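Examination of the molecular architecture
Residue-level listing of the chains:
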Amino acid sequence: MKIKKLMMIPALVLMLFQSGCFNPKLNKDNAELLVTDFLEDFRAGNYDAMYGLTHDGYTYFNGIYNPDSASNAAMFRAFGSNLEYEIKDIAIDGKECDVTVHITNVDADKALTKVTATYLTLCDQDTNDELDKNDLLTQTTDYIFNADDAEKIEHDTVFNLIEKDKEWTIESNIMIYDDITGGYMTYVYKNVVFDDLLTEMATKAAEAQQ
């Protein structure tokens, strides 16, 4: 009886391969490798490769990452170099997988608040207008984001993986990008998008009263 059961196992595995129900790539090792590749691409500033690992390839940094701006580029380099992560758990349920990663980075909100205050103070002190303001902003950004005492923010981030073309792919969402940048996405929407919306609403209200 035992011999018959043992003989059935290879046949069952073969049937699973042939039916497409068994995929050796949908396992914990490949799930961990995918998330690690994503985070390492972010560290290296290889954003196109990073987007390519997601299910839709959506470019979440489009419009907020500007390599032509020295200060913006310095900030994103700091996000990459200061990123720390540890994979805590991998849970697979069929063709879906949750990878929980403990992520640490510079607190974008606090760092940018400090950058703004420091930059404005230095501009006020430059009474003879001797400093290159763009260079000053870049140096200030680089110094504060990479300072030893820069405040950090931590998250337990869940990467949702789904099967696509018989391989794992990351189901992209804005919270992943927010966490790996220390809350920068939230900062942008709170201080730029929301402010622009309020300004637009105020302008429309004023026009309506005329």
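Predicted model, so just to flag it, every value in this text is computed and none were measured.

1. A word on the side chain of Asp-178
Relative to the helices and strands, Asp-178 is located in helix α7 (residues 174-180). Within the buried set, Asp-178 has no salt-bridge partner at all; the shortest N-O distance to an opposite charge, 9.9 Å, is to Lys-190. In this structure Asp-178 touches Gly-183, Tyr-184, Met-185 and Thr-186, once residues within four positions along its chain are discounted.

2. Examining the environment of Tyr-177
Here Tyr-177 is to be found in helix α7. With 117 residues separating them along the chain, Tyr-177 and Tyr-60 place their C-alpha atoms 7.3 Å apart. With residues near it in sequence (within four places) discarded, Tyr-177 still touches Phe-38, Met-50, Tyr-51, Thr-54, Tyr-58, Tyr-60, Phe-61, Ser-172 and Met-185.

3. Focus: the pairing of strand β4 (residues 167-170)
Relative to β4, strand β3 (residues 152-164) runs antiparallel, the two being bridged by four bridges. Residue pairing for β4: Leu-161 is matched across the bridge by Ile-170. Remark: two residues form the turn of the hairpin made by β3 and β4, two consecutive strands paired antiparallel; Asp-165 in that turn has positive phi of roughly 55°.

4. Thoughts on the packing of helix α5 (residues 108-125) against helix α6 (residues 133-145)
Following both chains from N to C, one finds α5 and α6 inclined at 140°, their axes separated by 9 Å at the closest point. With respect to each other, α5 and α6 are oriented oblique. Seen from above, α5 lies across α6 with right-handed handedness. Side by side, α5 and α6 meet where Ala-108, Ala-111, Leu-112, Lys-114, Val-115, Thr-118, Tyr-119, Leu-122 and Cys-123 of the first sit next to Lys-133, Leu-136, Leu-137, Thr-140, Thr-141, Ile-144 and Phe-145 of the second.

Rules behind the numbers
Residues numbered from 1 in each chain as written. Predicted model: local features only at pLDDT ≥ 70, side-chain atom pairs only at ≥ 80, totals over all residues. Heavy atoms only, no water. Helix = DSSP H or I, 4+ residues; strand = E, 2+ residues; numbered from the N terminus. Buried < 20%, exposed > 50% of the residue type's maximum accessible area, 1.4 Å probe, protein only. Lys, Arg positive; Asp, Glu negative; His and termini not counted. Salt bridge = Lys/Arg side-chain N within 4 Å of Asp/Glu carboxyl O. Contact = heavy atoms within 4.5 Å. Pairing = 2+ DSSP bridges. Axes fitted to C-alpha atoms, helices over the stretch in contact; angles between N-to-C directions. Parallel < 35°, antiparallel > 145°, perpendicular 65-115°, else oblique. Left-handed = near helix turned anticlockwise from the far one by under 90°.

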